[in-house]
Amino acid sequence: MKLNKIAQSIGANGKFPYVDINWLLTDSRTLSFPSESLFFAIRTKRNDGHRYITELYRQNLRYFAVSEILPEFKELPGAVFLQVDDTLAALQKLAVAHRNSFQIPVIGITGSNGKTVVKEWLYQLLHADFSIVRSPRSYNSQIGVPLSVWAMNENTQLGIFEAGISEPHEMENLQPIICPTIGIFTNLGDAHQENFHSLKQKCEEKLKLFKDAEVLIYNADNKVVDISIAQLDFKGKLFSWGKGNKSTLRVVELKKSNKGTLVSLQYNSKDFSVEIPFTDDASVENALQCVAVLLYLGIEFTEISRRILLLESVAMRLEVKNGIRNCLIINDSYNSDLNSLSIALDFLNQQATAKNLSRSLILSDILQSGQSPEKLYETVAGLVKNKNIQRIVGIGPDISLHAGKFSFLANAFFDDTESFLKSGFIHDFKDEIVLLKGSRKFHFEAISTKIELIAHETTLEVNLNALVDNLNYFRSKLRPETKVMCMVKAFAYGSGSVEVARTLQHHRCDYLAVAVADEGVELRREGIRIPIVVMNPEQGGFGLIFDNNLEPEIYSFRLLDAFIAAAERLGITDYPIHIKVDSGMHRLGFELQDMEQLISRLKSQQQVKVRSVFSHLAGADEAKFDTFTKEQVERYTACADMISSAFTHYIMRHILNSAGTERLPQYQFDMVRLGIGHYGISSIPDVSLKQVCSLKTIILQIKNIKAGETVGYSRKGIVEKDKRIAVLPIGYADGFDRKLGNGVGEVLVNEKRAKVIGNVSMDLITVDITEIDAAEGDMVEIFGETLTITEVAGWLKTIPYEILTSVSRRVKRVYFQE
């Protein structure tokens, strides 16, 4: 779209250049094509896009949608500003105008769960029939939806977009942007329930997406959904499916086996069946939504059955895994299109930052792009160049035909995956980060098998999106100017300090905190640049602190004198320190009676300079201690006032931890410190934070045990009746506490709970699966989304901190981004 037409669409006054804008940008870190991009400077509770305009200008971007013309913009010659009242509203208005220029079928999907899976499965099922544009990954927010719809072009024959909301009235903004002709309501659950007073209210809000749809597809077995739709003044056609006789598509029978689920169906008084290659209820439900869409589109029964049988699991996330010869592998080989390629390359750059690894891309032909191959691979080459990729391996006849467009970097091209594997080229990868990005037909899983290190059977999965979501939840409690210090001590509470720190730095955390200097050194070595506080500095580690620009907590005169002396020996002046005040917790820190002596000592030297004064609350997580907490704050404030008034420079204050930030934000001062809250543990009962860590393993072996026999050491697992048990490769050396043995602990096997039977061994446990349909190799959840860390802690009469930090380092950490 031309810039002048964009200006007209969003209500920006003035004369604007007649230039093409192909890319809309809301995140300054994702710039790819400066000359064709328009940046929307969006203001949120915690950030302001206007801050990054000068930075983007230096990267040759010239077109900006803003809500305010700042003084510094006058120093940007050639910059073009489209001024509007609200940049988010302008972005959405532009997407509406773009959507209205297309008269094609558009599928809109909403619901509590399953949106992304249904979207991706519909793409698998229909990509041979249509040139499709769909939401990249889970782009279903107020910003993500307009960016998704913008990707439609003159070659698009079908759009598939998902929409998510977290509070009332949000869907009213998304409805005209997607304006679906075919609506799918996946299901209704508790996700994002906190801002709705009932499930029915949330259901009614979501249904607003389908106001002008031609047809609405839904599961009539969900009574709240069925009733809400019946009460809806819906003008289009209702296409229900379910077990009821009145359903448009009736589910007659479900038969599950080891291979999948055979579903007998009836439609228009005709019987047919589909075999779904999954057995879990969620996948069956999602597949049946797709069957209904295919029927509505007029596809024959036999063809539907053939396509459904070919459905493949949807990789919902970008995983980072260790690879051969010191490589890191990012596996995104479940689809390939321009939008998802751009997102994956941004993730690659985020992971590669300061890792001293070169960047490589293994890319297949991009199918059904709707563009001519000439234009498509010219755009791909531009992306690759702008994202600083140093080597590309192209696989497929089309990309190979356009190999000349990639002559600016190291390259190799192969007609198919088999040719690449036979070439031996895979052995050239060393000390690099490699992104696998391939369309399904190229079977890149064969490449990932060769290039990834052997997978561990027991892993701690760390969801980096959930980490960021939790960070933003706490930020929403704060004033925009309040800083955030994130605790990454103790191996980031067991989740892996380097990856967590890198993610927090990328999302503009202000400070990090570690326990000892060695932890800070590791982060500096991995390219972490933001300030790092050492909470328990040791005199033997002062050299490491100075060498790596770490900032120590100082809590006693002995430590202060020793640190000043060490700085003086090195000729260091004004080195930043953080003064710890004991306001009532009675662990480390200076007390009120120490203030005069402390101030005198600080004023008598030039080696150190106080960066902040802080304290720690003893009972911020419990209301019964609120009176004591207030007393602590008063003692701390008295100390901080004395120190601040003694010096002319600005000294930060902070006292709140995660619980305090949630419950007592009035005491936020200049900064807060977040710890366990990052990882999904809230001090407020009704708040559901995202679970960041999931500990998983597999079933190694299944045995049938006769009554009267025993299981495990000391014959503690007494079998009173015939049982079927599963042996799992996790034990107390991995962090599975011995106290969880003999029926105390449980694990989740195929969504059902299985009690531990017998003693916990160093490397193995056994669980009772007598009543559970399971097979060797099945995944088992030790803790995660369903079986929470808090519940496991309750069995052991301890706190979630201990559960997380007890997961040993021999357990492989797998990081992913959804």
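The numbering scheme is per chain: residues are counted from 1 as the chain's sequence reads. With pLDDT at 70 or above as the cut-off, local features in this predicted model cover only qualifying residues; side-chain atom pairs require 80 or more to be listed or tallied, and sums for whole chains, interfaces and linings still use all residues. For the side-chain quantities, the full set of heavy atoms in the structure was used; hydrogens and water were omitted.

1. With respect to the packing of aromatic side chains
Reasoning step 1: Here a pair means two rings of Phe, Tyr or Trp (six-membered ring of Trp) with centres within 6.5 Å. Their orientation is stacked below 30 degrees between planes, edge-to-face above 60, and tilted elsewhere. Taken as a whole and judged by the stated rule, the model has 22 aromatic pairs.
Reasoning step 2: For the ring pair Phe39 and Phe64, a centre distance of 6.5 Å and an interplane angle of 80 degrees mean the geometry is edge-to-face. Here Phe64 lies in strand E3 (residues 63-66) and Phe39 lies in strand E2 (residues 37-40), a separation of 25 residues in the sequence.
Reasoning step 3: Working definition: with a 1.4 Å probe on protein chains only, accessible area under 20% of the residue-type maximum means buried, over 50% means exposed, and in between means partly exposed. Accessibility expressed as a relative area gives 1% for Phe39, which makes it buried. Only DSSP runs of H or I with at least four residues qualify as helices, and only runs of E with at least two residues qualify as strands; both kinds are numbered from the N terminus onward.

2. Considering the state of the cysteines
Reasoning step 1: For the purposes of this analysis, a disulfide is any pair of cysteine sulfur atoms at a distance within 2.5 Å. Across all of its chains, the model carries 0 disulfides by this definition.
Reasoning step 2: Here Cys203 stays free of any disulfide, with the sulfur of Cys290 as its closest cysteine sulfur at 20 Å.
Reasoning step 3: Assessed through its relative accessible area of 0%, Cys203 is described here as buried.
Reasoning step 4: Looking at Cys509, it has no disulfide partner, and the nearest cysteine sulfur is the one in Cys486, 3.3 Å off.

3. Overview of the pairing of E3
Reasoning step 1: Here E3 shows two buried faces, one formed by Tyr63 and Ala65 and the other by Phe64 and Val66.
Reasoning step 2: Across 2 bridges, E2 lies against E3 in parallel orientation. Counted as the bridge partner of Phe40 is Ala65 from E3.
Reasoning step 3: Here a strand pair is declared whenever DSSP counts at least two bridges between the two strands. The pairing of E3 with strand E4 (residues 80-83) spans 4 bridges and is classified as parallel. Bridge pairing links Phe64 to Phe81 in E4.

4. Overview of the pairing of E2
Reasoning step 1: Side chains of E2 alternate between two faces, with Ser37 and Phe39 and Leu38 and Phe40 buried alike.
Reasoning step 2: Across 3 bridges, strand E1 (residues 23-25) lies against E2 in parallel orientation. When the sheet's bridge partners are listed, Leu25 is paired in E2 with Phe39.
Reasoning step 3: By convention, a crossover is right-handed whenever its connection, traced from the first strand over the helix to the second and viewed with the strands pointing away, goes clockwise. In this region the chain leaves E2, passes through helix H2 (residues 53-58) and returns to the parallel neighbour E3; the handedness of that crossover is right-handed.

5. Examining the environment of Pro168
Reasoning step 1: Position of Pro168 relative to the elements: it lies in the loop between strand E7 (158-162) and helix H6 (170-178).
Reasoning step 2: Expressed as a C-alpha distance, the spacing of Pro168 and Phe196, which sit 28 residues apart in the sequence, is 7.1 Å.
Reasoning step 3: Setting aside its immediate chain neighbours within four residues, Pro168 contacts Asn195, Phe196, Gln201 and Glu205. In what follows, residue pairs with any heavy atoms lying within 4.5 Å of each other are defined as contacts.

6. Focus: the sheet that holds strand E6 (residues 132-134)
Strands belonging to one sheet form pairs held by backbone hydrogen bonds; the direction of such a pair is parallel or antiparallel.
Reasoning step 1: Sheet architecture is open: 9 strands sit in the order E6-E7-E5-E8-E9-E10-E11-E12-E13, paired in mixed fashion. Lying at the two open borders of the sheet, with one neighbouring strand each, are E6 and strand E13 (270-276). Strand-to-strand twist in this sheet, taken as the mean axis angle between neighbours without regard to direction, amounts to 20 degrees.
Reasoning step 2: Bridge count for strand E12 (residues 261-267) against E13 is 7 bridges, and the pairing is antiparallel. In the strand pairing of E13, Ser264 is matched with Ser273.
Reasoning step 3: For every element, the axis is a line fit to its C-alpha atoms; helices are fit only across the contacting stretch, and the angle between N-to-C directions ranges from 0 to 180 degrees. Here helix H4 (residues 115-126) sits on the sheet and contacts strand E5 (106-110), E6, E7 and strand E8 (182-185); the angle it forms with E7, its principal contact strand, is near 165 degrees.

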